[in-house]
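# Topology and contacts: notes
Below, each chain spelled out in residue letters.
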Amino acid sequence: ANAFPIIKKSPYVSEVIVLDTGSTDDSVRVAESCGARVIKIGIRSFDHGQSRTLAGKKATGDIIVYMTQDALPVNEYSIENLVKPLFENEEVGASYGRQLPFNDATPFAAHLRFFNYPAESIIKSLKNKETIGIKAPFMSNSFAAYKRSALEKVGWFKERIIMGEDTCAGAKLLMAGYKIAYVADALVYHSHNYTAFEEFKRYFDIGVFHRMENWLLKEFGSAECEGLRYLKSELQYLLRNRLV
């Protein structure tokens, strides 16, 4: 609900579509009162890829912005900055913004955002797999934008996968000749304070995803080096901030 006033300030937003998966609070009423179009789907039938494809096909614009309910734009320029590379560069098929941790984020949650979403923007192409490997197709649909024509060309989002429909789409876009823009000045707040069990489940799900979608690792390389780089970065972050 807090995001709607900020979203509506952007001149780049022509419509807002909300996918509601059986909410029991005031979400639907708040969304409709803000002028959003609400599409209701059963929570048991929810699928990350299929649901995003459904919403995308219902949208009328040439550029489609995806944002999860727990992401909050930092200011009214967040969406404008996010979609700018799609207007300015015909080779860019998708873009994603920078996620900042909420004020109450734990050190581990904060570091994950700083690690995955640095302060420098970059435009990634297929050739970047030689230097950054599996990070080349990395995206996050918590705050991302796509050209409709690019999504149509690659068959929209992969369905029936446990997670990673955004990275799968990014990989298919790179392999189809498109580029992906990471836009560091397109800012949202988005972080999760996971418990130890939730953290374990997250990494377990990532492992299942990579095993099921092993074509990603064959095309872009193993994720093991990236995992080691993350652990080293986390230790340095904790030491630098005197948290250990």
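Right, let's get into the overall build of the chain. Along the backbone of the chain there are 11 helices and 8 strands. Oriented by its inertia axes, the alpha-carbon framework of the chain measures out at about 45 × 40 × 35 Å. In the chain, which comprises 244 residues, the share counted as buried stands at 45%. Here the analysis covers contacts within the chain between residues at least 6 apart in sequence; of these, 74% occur between residues at least 24 apart. With the model as given, the accessible surface of the chain reaches about 13,300 Å², and the carbon-plus-sulfur share is 54%. In the chain, 31 side chains carry a positive charge and 29 a negative one; their mean positions are 2 Å apart.

The sheet contact formed by strand β1 (residues 17-20) and strand β2 (residues 37-40) spans 4 bridges and is parallel. Considered in β2, the bridge of V18 is made with V38. Between β1 and its parallel partner β2, the chain crosses via helix α2 (residues 27-33), and the hand of that crossover is right-handed.

Here the focus is the side chain of N128. Mapped onto the elements, N128 comes out in the loop between β6 (122-124) and α6 (129-132). Apart from residues lying up to four places away in sequence, N128 is in contact with I123, G133 and A136.

Our next topic: the environment of E165. With respect to the secondary-structure elements, E165 resides in helix α8 (residues 165-175). With 117 residues separating them in the primary sequence, E165 and H48 have C-alpha atoms 6.7 Å apart. Leave out the neighbours within four places in its chain, and E165 touches H48, G49, R52, N141, F157 and K158. In terms of polar contacts, E165 uses its side chain to reach the side chain of N141, at 3.1 Å.

Together, F197, F200 and F204 make up a nonpolar patch on the protein surface, roughly 400 Å² of accessible area in all. Tracing the backbone shows F200 in helix α9 (residues 196-212).

A separate point is unusual backbone geometry. The backbone of W156 shows a phi angle near 60°, a positive value even though the residue is not glycine. Of note, W156 is situated in the loop between α7 (148-153) and α8. Under the relative-accessibility criterion, W156 is labelled buried at 7%. Located in the positive-phi region is R160, a residue other than glycine, with phi close to 55°. Tracing the chain through its elements places R160 in the loop between α7 and α8. For R160, a relative accessible area of 65% translates into the label exposed.

What the rule picks out here adds up to 7 salt bridges. Notably, a salt bridge pairs D26 with R29, separated by 2.8 Å at the nearest N-O pair. The class of D26 is partly exposed, set by a relative accessible area of 42%. Taking the shortest distance from any N to any O, the salt bridge between E152 and R148 comes out at 4.0 Å. Linking E152 with R148, this pair stays in helix α7, spanning 4 residues, or about one helical turn.

This paragraph deals with α9. The end-to-end C-alpha separation of α9 is 24 Å, in line with the 24 Å expected for 17 residues at 1.5 Å each. Every buried residue of α9 is listed here: R202, D205, V208, F209 and H210. Each element contacted by the buried residues of α9 is listed here: α5 (107-116), α8 and α10 (214-220).

What counts and how
Residues numbered from 1 in each chain as written. Predicted model: local features only at pLDDT ≥ 70, side-chain atom pairs only at ≥ 80, totals over all residues. Heavy atoms only, no water. Helix = DSSP H or I, 4+ residues; strand = E, 2+ residues; numbered from the N terminus. Buried < 20%, exposed > 50% of the residue type's maximum accessible area, 1.4 Å probe, protein only. Contact = heavy atoms within 4.5 Å. Areas by Shrake-Rupley, 256 points an atom, 1.4 Å probe, with all protein chains shown as cover. Lys, Arg positive; Asp, Glu negative; His and termini not counted. Charge placed at Lys NZ, Arg CZ, Asp CG, Glu CD. Pairing = 2+ DSSP bridges. Right-handed = clockwise from strand over helix to strand, strands pointing away. Polar contact = N/O pair within 3.5 Å; in protein donor to acceptor, adjacent residues only side chain to side chain. Patch = residues over 30% accessible without salt bridge, like charges linked within 9 Å, V, L, I, M, F, W, Y side chains within 5 Å. Salt bridge = Lys/Arg side-chain N within 4 Å of Asp/Glu carboxyl O. Expected span 1.5 Å × (residues − 1).

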